[in-house]
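As a plain string of letters, each chain reads:
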Amino acid sequence: PYVASPTGTWHTGSTFVPLSDGTIKFWFRDESNPGVKRIYTSTDDGETLQYVGSGNFSCPPCQASSLTLSDGTVVISTPTAINGRTKFKLLFSLDNGQTFDLMTLPFAKTKFMAYSSIIALSDDLLMCAVEGNWGSGAVNTNTFEDIGIFLINTSGALKYGFNS
């Protein structure tokens, strides 16, 4: 989806999740302000969007992926470097998507990674497919668009935290 901000700037590359209270929360990349995700909410099944503000995590102009676990934990997969598609992280919110204070950096900070898609195989096991420069062993489309697939066991991580 595309949405115009209050200043008239168009935002693209959204990801969204339904929250436990029925609200839908959207995160849009800001084409005119790299490093910023704009947040919108909807309380009417997406008919209208209300601008909330900016997120508490940085990101390049890149699409992210998100989901909500059955306990209400919101997970976003995205690169987090402001000026490039590196520092890929999984971000976890335990407060309905208000903050993302728990995050992990599963790969080298300098590794090129961009668009991702994340699904929950169960509440304890996530699978994420990530476009990146993976090299041998990946599903190869060209030098910069290999697809890597990895599994994340969240049970211990959410209980004991991550090392980032």
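Quick notes on the rules
Residues numbered from 1 in each chain as written. Predicted model: local features only at pLDDT ≥ 70, side-chain atom pairs only at ≥ 80, totals over all residues. Heavy atoms only, no water. Helix = DSSP H or I, 4+ residues; strand = E, 2+ residues; numbered from the N terminus. Contact = heavy atoms within 4.5 Å. Areas by Shrake-Rupley, 256 points an atom, 1.4 Å probe, with all protein chains shown as cover. Pairing = 2+ DSSP bridges. Axes fitted to C-alpha atoms, helices over the stretch in contact; angles between N-to-C directions. Phe/Tyr/Trp six-rings, centres within 6.5 Å; stacked < 30°, edge-to-face > 60°. Buried < 20%, exposed > 50% of the residue type's maximum accessible area, 1.4 Å probe, protein only. Patch = residues over 30% accessible without salt bridge, like charges linked within 9 Å, V, L, I, M, F, W, Y side chains within 5 Å. Salt bridge = Lys/Arg side-chain N within 4 Å of Asp/Glu carboxyl O. pLDDT = per-residue confidence, 0-100. Core = buried A, V, L, I, M, F, W, Y, C linked by side-chain atoms within 4.5 Å.

In terms of helices and strands, the protein carries one helix and 12 strands. Taken from N to C terminus, the helices and strands of the protein fall in the order β-β-β-β-β-β-β-β-β-β-β-β-α. Expressed as a percentage of contacts within the protein between residues at least 6 apart in sequence, the contacts between residues at least 24 apart total 37%. Counting every atom, the protein has about 8100 Å² of accessible surface; 53% of that belongs to carbon and sulfur.

Moving on: the pairing of strand β10 (residues 113-122). Here β10 runs beside strand β11 (residues 125-132); their pairing, made up of seven bridges, is antiparallel. By the bridge assignment, S116 is partnered in β11 with V130. Linking two consecutive strands that pair antiparallel, namely β10 and β11, is a turn of two residues.

This brings us to the sheet that holds strand β12 (residues 146-153). Taken in spatial order, the three strands make up an open sheet running β10-β11-β12, and their pairing is antiparallel. For this open sheet the edge positions go to β10 and β12, each flanked by a neighbour on one side alone. The mean angle between the axes of side-by-side strands here comes to 20°, regardless of whether they run parallel or antiparallel. In this structure, β11 lies alongside β12, joined through eight bridges in antiparallel fashion. Each residue of the ladder has a partner; that of G132, found in β12, is D146.

Further remarks concern the packing of aromatic side chains. Enumeration according to the criterion identifies four aromatic pairs in this entry. Measuring from ring centre to ring centre gives 5.3 Å for F16 and F26, while their planes differ by 35°; the resulting arrangement is tilted. Note that F16 is positioned in strand β2 (residues 10-18) and F26 in strand β3 (residues 24-30), a separation of 10 residues in sequence. According to the relative accessible area criterion, F26 is buried, its value standing at 8%.

With that settled, consider the sheet that holds strand β7 (residues 74-79). Across the sheet, which stays open at both edges, the four strands sit in the order β6-β7-β8-β9 with antiparallel pairing between neighbours. Where the open sheet ends on each side, the last strands, each with one partner, are β6 (65-68) and β9 (102-104). Adjacent strand axes in the sheet meet at a mean angle of 20° when their direction is disregarded.

A cluster of nonpolar side chains, contributed by I119, L121 and L151, occupies part of the molecular surface with about 280 Å² of accessible area. By secondary structure assignment, the location of I119 is in strand β10. Using a relative accessible area of 40% as the deciding quantity, one classes I119 as partly exposed.

Mapped onto the fold, V75 is located in strand β7. Contacts of V75, omitting those with residues within four sequence positions, involve S65, S66, L67, L69, L91, F92, I118 and L126.

Okay, the confidence of the model for the protein next. Chain-level pLDDT for the protein is 76 on average; 69% of the residues reach the 70-or-more range. Looking at the elements of the protein, mean pLDDT is at its lowest for strand β1 (residues 3-4), recorded as 56, and at its highest for β6, recorded as 90. Low pLDDT, under 50, characterises residues 136-141; the predicted model gives this stretch seven contacts beyond four residues in sequence or across chains.

The next thing to look at is the nonpolar core. In terms of nonpolar packing, the biggest core is built from 14 residues, with V75, F88, L90, I118, L126, C128 and F150 touching the most fellow members. Only β8 (88-93), β10, β11 and β12 provide two or more residues apiece to this core. When sequence neighbours within four positions are dropped, the list of residues in contact with L90 reads I76, S77, L102, M103, T104, I118, F150 and I152.

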